[in-house]
Protein chains: 2
Amino acid sequence: MNETKHNLKIFTTVNEVRAFVREQKQAGKTIGLCPTMGALHEGHMTLMRAARKACDVVIASVFVNPVQFGPNEDYDKYPRQFDADCKKLAAEGVDAVFHPTPEEMYPAGYGTYITVENGITDVLCGARRPGHFRGVATVVTKLMNITQADKAFFGQKDAQQVAVVRRFVADLNIPVEVCMVPICREASGLARSSRNSYMTAEEKQAAVVLSRSLRKAKEAFEHGEHTAETLKTIVRAELETEPLAKIDYVDLYTYPALLPVDVIDEPCLLAIAVYIGKTRLIDNVILGD
Amino acid sequence: MNETKHNLKIFTTVNEVRAFVREQKQAGKTIGLCPTMGALHEGHMTLMRAARKACDVVIASVFVNPVQFGPNEDYDKYPRQFDADCKKLAAEGVDAVFHPTPEEMYPAGYGTYITVENGITDVLCGARRPGHFRGVATVVTKLMNITQADKAFFGQKDAQQVAVVRRFVADLNIPVEVCMVPICREASGLARSSRNSYMTAEEKQAAVVLSRSLRKAKEAFEHGEHTAETLKTIVRAELETEPLAKIDYVDLYTYPALLPVDVIDEPCLLAIAVYIGKTRLIDNVILGD
């Protein structure tokens, strides 16, 4: 265990976290967990602030989880900048960061996986990234068990992830409250993402089309357009104005059940995935909540 | 919530258990969990006594878990005798029993399952009962989360189950100690099982061949016979003396990893499954521990 000058405790083993958590629980403290893959940006900081506000003790995790990446995805390339991450966490008054090795999380002989099989993982990113949510469910369950968190904080940018986490937390009776924090955007409207760092300046400018397309649909919705197909067409049309954008999906489902919908009469997720050059970006808006 | 005259609390909902557990934890009490499918016999009582000895508060569960039964197995036929079970639990000083409906455990929209995929579930009963240990891992995780148990008690008769539980508890970092209680036998040597009630008197007598065959192998092992193939042959030969017995498997693996072994030089599980008439019985002995 190391301490930075800002009193951020840095743990690399499960046992260190357990000892810290035991101490805090015995003192009657509530614990907030913010799971991250590092490369922290302002979006992550909104999670830390929500946790800081709601809980006595805030534990962030920084772990690029190999199990949630597909064989042709960007696991090796994913940005890692732990020292910079620690500075940001300390500045937000986070109490501890858990930064394990893959071997600490998945030691030799490891064999247990959690799957959510009720259709919620068969759409959107789940359909494009087989095994992704199995990896997410497995690592998040581990992190919840290790930290014994009372509340766990996730960003709405990964809205399907939040739906999956809420599902398995309820199904497995994990005693934690799942809290969703709104999407954090740059002034341009671009949703903050660690993967934004893959883009050139020109691509970043082009990427603004994602949030712009969603905003147009939201405006149409607020003016009474509740037909799913029409709203998706509005988004597609806007995305197609940007030559650097290649649509992966534009979809609309009920939220959080993620069931198909024709006319919106309950909270729905309008979600998009778009390649800007080689970078795959996601964004979404929840309509009717 | 109902109370019997022996102060056994009976809970049928997750929320009732949670409220009880919260109270006990706040009072600093440790909690022992004994998961059962009911039809309690003396074997279960050895679990209750071990829990009673090791923990401040003992919670038993009585739940015939549909998810761990295959489509052609005995889910409907499995004996259910909850009132008699409660009397036995009360007599052992068990504090509470959790007796949920299938709908309470698996409500509409349920979709989360836990699998152990490192080979441990591909042998013995796991090979014969596809999905069985997925059902066990899922329900036991739920019960551990609901009861927030400090220790959970399982019988060695289901030795593969104990190995699977130990595996997923370690893998998912569930903060519970898994305790294995020795096999409880009738005077004849027959391992106690709720499924023994399926047998006629004649079949019960024939079923003694299971424990006898294992005893012969154990004696040979203790006299220096450490070759797996020879020990299995001893068991098979003894089982074949009984006309009512039909062998499902006779197998020997390292324990608890359940890896193949030729010559025993570490703790190993000699496990058998045998049909006596239509009743499938299992028994085992651990050699070299």
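Computed from a predicted structure; not experimentally measured. (Residues numbered from 1 in each chain as written. Chains lettered and ligands numbered in written order. Predicted model: local features only at pLDDT ≥ 70, side-chain atom pairs only at ≥ 80, totals over all residues. Heavy atoms only, no water.)

Student: Can you walk me through the sheet that holds strand β11 (residues 279-287) of chain B in this structure?
Tutor: Two strands in a sheet stick together by hydrogen bonds in their backbones, pointing the same way (parallel) or opposite ways (antiparallel). All names here are of chain B. Taken in spatial order, the three strands make up an open sheet running β9-β10-β11, and their pairing is antiparallel. The open sheet is flanked by β9 (245-254) and β11, the only strands paired with a single partner. Recorded for the sheet is a direction-independent mean angle of 15° between the axes of neighbouring strands. Judged from the nine bridges that link them, strand β10 (residues 268-276) and β11 form a sheet pairing that is antiparallel. Pairing of Ala273 across the sheet is with Ile282, part of β11. Here helix α10 (residues 228-239) sits on the sheet and contacts β9, β10 and β11; the angle it forms with β9, its principal contact strand, is near 160°. (Pairing = 2+ DSSP bridges. Helix = DSSP H or I, 4+ residues; strand = E, 2+ residues; numbered from the N terminus. Axes fitted to C-alpha atoms, helices over the stretch in contact; angles between N-to-C directions. Contact = heavy atoms within 4.5 Å.)

Student: How should I be thinking about the domain arrangement of chain A in this particular structure?
Tutor: Accessible area lost upon the coming together of the parts is a frequently used measure of interface size. Residue and element names in this part refer to chain A. Per the domain assignment, the segments of chain A are domain 1 (3-181) and domain 2 (194-284). Here the C-alpha centre of domain 2 lies 26 Å away from the C-alpha centre of domain 1. Domain 1 puts 23 residues into the contact, and the matching count from domain 2 is 17 residues. Summing the contributions of domain 1 and of domain 2, the shared interface buries around 1,800 Å²; its carbon and sulfur component is 56%. At the boundary of domain 1 and domain 2, one finds two salt bridges. Note that Arg195 and Asp74 form a salt bridge whose closest N and O atoms lie 2.8 Å from each other. Between the two partners, domain 1 and domain 2, sit 11 residue pairs in polar contact (both at pLDDT 80 or more). Secondary-structure elements contributing two or more residues to the side of domain 1 that touches domain 2 are α5 (124-128) and α7 (159-171). (Domains from an automatic or database assignment. Buried area = accessible area lost by both parts, 1.4 Å probe. Salt bridge = Lys/Arg side-chain N within 4 Å of Asp/Glu carboxyl O. Polar contact = N/O pair within 3.5 Å; in protein donor to acceptor, adjacent residues only side chain to side chain.)

Student: Just to check I follow, could you spell out the packing of helix α9 (residues 208-222) of chain A against helix α10 (residues 228-239) of chain A for this structure?
Tutor: Helix packing for two helices is described by the angle between their axes and how far apart those axes are. All names here are of chain A. Where α9 contacts α10, the axes come no closer than 8 Å and their chain directions differ by 150°. Considered as vectors, α9 and α10 are oriented roughly antiparallel to each other. Handedness of the crossing formed by α9 with α10: right-handed. The residues of α10 that touch α9, namely those facing Val209, Leu210, Arg212, Ser213, Lys216, Ala217, Ala220 and Phe221, are Leu231, Ile234, Val235, Glu238 and Leu239. For the contact of α9 with α10, a count of residues per class yields nine nonpolar, one polar and three charged. (Parallel < 35°, antiparallel > 145°, perpendicular 65-115°, else oblique. Left-handed = near helix turned anticlockwise from the far one by under 90°. Nonpolar A, V, L, I, M, F, W, Y, C, P; charged D, E, K, R; others polar.)

Student: What am I meant to see in the pattern of salt bridges here?
Tutor: Two side chains with opposite charge may pair up if their charged atoms get near one another. All names here are of chain A. A full pass over the atoms with the stated rule returns 36 salt bridges over all chains. Here Asp171 and Arg167 are joined by a salt bridge, their closest N and O atoms 2.8 Å apart. Highlighted residues: Asp171 and Arg167, both in helix α7, separated by four residues, approximately one helical turn. Each of Glu42, Arg49 and Glu92 takes part in salt bridges that share partners, so that together they form one network.

Student: Help me out: how do you make sense of the interface of chain B and chain A in this one?
Tutor: At the interface, 27 residues of chain B touch 27 residues of chain A. Carbon and sulfur atoms make up 43% of the area that chain B and chain A hide from each other, which totals about 2,200 Å². Of all residues in chain B, the largest losses of buried area upon contact with chain A belong to B:Thr112, B:Leu172 and B:Asn173, amounting jointly to 26% of the total for that side. Run the count over chain B and chain A and you get two salt bridges. Note that B:Arg134 is salt-bridged to A:Glu117, the shortest N-O span being 2.8 Å. Those elements that provide at least two residues to the side of chain B that touches chain A are α1 (14-26), β6 (112-116), α6 (132-147) and α7 (159-171) of chain B.

Student: What is the right way to read α7(B) from this model?
Tutor: Residues spaced three or four apart along an α-helix point in a common direction, a consequence of the helix completing one turn every 3.6 residues. All names here are of chain B. Relative to the 18 Å expected for 13 residues at 1.5 Å per residue, α7 spans 18 Å between its end C-alpha atoms, a close match to the ideal helical length. Burial within α7 is extensive, with 10 of its 13 residues counted as buried. Looking at α7, one finds that the buried residues are Ala159, Gln160, Gln161, Val162, Ala163, Val164, Val165, Phe168, Val169 and Asp171. Remark: Asn173 follows α7 within two positions and exhibits a positive phi of approximately 60°. (Expected span 1.5 Å × (residues − 1). Buried < 20%, exposed > 50% of the residue type's maximum accessible area, 1.4 Å probe, protein only.)

Student: When you look at the packing of aromatic side chains in this model, what are you seeing that I'm missing?
Tutor: Aromatic ring pairs are reported here in terms of the distance separating the ring centres and the angle at which the planes meet. Taken as a whole, this structure holds 12 aromatic pairs over all chains when the rule is applied. Ring centres 5.6 Å apart and planes at 70° place the aromatic pair A:Tyr110 and A:Tyr113 in the edge-to-face group. Residue classification places A:Tyr110 among the buried residues on the basis of a relative accessible area of 10%. With a centroid separation of 5.9 Å and 75° between ring planes, the pair formed by B:Phe69 and B:Tyr78 is classed as edge-to-face. Take B:Phe69: its relative accessible area is 10%, and that puts it in the buried class. Here the aromatic residues A:Phe63, A:Tyr106, A:Tyr110 and A:Tyr113 are joined through ring pairs into a cluster of three or more. A cation sits over an aromatic face here: A:Lys77 above A:Tyr198, 4.2 Å from the ring centre. The cationic tip of B:Arg134 hangs over the ring face of B:Tyr113; the distance from NZ or CZ to the ring centre is 3.9 Å. (Phe/Tyr/Trp six-rings, centres within 6.5 Å; stacked < 30°, edge-to-face > 60°. Lys NZ or Arg CZ within 6 Å of the ring centre and 35° of its normal.)

Student: Would you mind going over the pairing of β11(B) with me for this structure?
Tutor: Here is the key point about a regular strand: its side chains alternate between the two faces of the sheet. Residue and element names in this part refer to chain B. Most of β11 is tucked away, with nine of its nine residues classed as buried. Side chains Thr279, Leu281, Asp283, Val285 and Leu287 project from β11 onto one buried face, and the interleaved Arg280, Ile282, Asn284 and Ile286 project onto a second face that is buried too. Between β10 and the antiparallel strand that follows it, β11, lie two residues; Gly277 among them carries a positive phi value of about 60°.

Student: Sorry if this is basic, but what is going on with the relation of the copies chain B and chain A here?
Tutor: In this arrangement, two copies of a chain are superimposed by a rotation about an axis accompanied by a shift along the axis. Expressed as a screw transformation, the operator carrying chain B onto chain A has a rotation angle of 180° and an axial translation of 0.0 Å, and the superposed copies differ by an RMSD of 0.0 Å. Both copies are brought into coincidence by an operation consistent with a two-fold rotation axis. Within chain B, B:Ile114 has its C-alpha nearest the rotation axis, a separation of 2.3 Å. (Least-squares fit on C-alpha atoms with pLDDT ≥ 70 in both.)

Student: Could you clarify how one ought to interpret the side chain of B:Asn284 in this entry?
Tutor: Residue and element names in this part refer to chain B. As for its position among the elements, Asn284 is in strand β11. Accessibility expressed as a relative area gives 2% for Asn284, which makes it buried. At 2.9 Å, the side chain of Asn284 forms a polar contact with the side chain of Gln156. Within the structure, the side chain of Asn284 is placed 3.0 Å from the backbone oxygen of Lys157, a separation counted as a polar contact. Residue contacts for Asn284: discarding those within four places in its chain leaves Gln156, Lys157, Ala159, Ile183, Arg185, Leu214, Leu269, Leu270 and Ala271.

Student: Any chance you could explain the nonpolar core here in plain terms?
Tutor: A general feature of soluble globular proteins is that nonpolar side chains tend to end up buried together. In terms of nonpolar packing, the biggest core is built from 108 residues, with A:Met144, A:Phe168, A:Leu258, B:Met144, B:Phe168 and B:Leu258 touching the most fellow members. Discounting residues that sit within four places of it in the chain, A:Phe168 has contacts with A:Val116, A:Ala137, A:Val140, A:Thr141, A:Asn173, A:Ile174 and B:Thr112. (Core = buried A, V, L, I, M, F, W, Y, C linked by side-chain atoms within 4.5 Å.)

Student: Can you walk me through the sheet that holds strand β9 (residues 245-254) of chain A in this structure?
Tutor: Residue and element names in this part refer to chain A. The strand order across the open sheet built from three strands is β9-β10-β11, with neighbouring strands paired in antiparallel fashion. Looking at strand neighbours, the two that pair on one side only are β9 and β11 (279-287), the edges of this open sheet. Strand after strand, the sheet turns through a mean of 15° between neighbouring axes, direction not considered. Summarising the sheet, β9 and strand β10 (residues 268-276) pair through nine bridges and their orientation is antiparallel.

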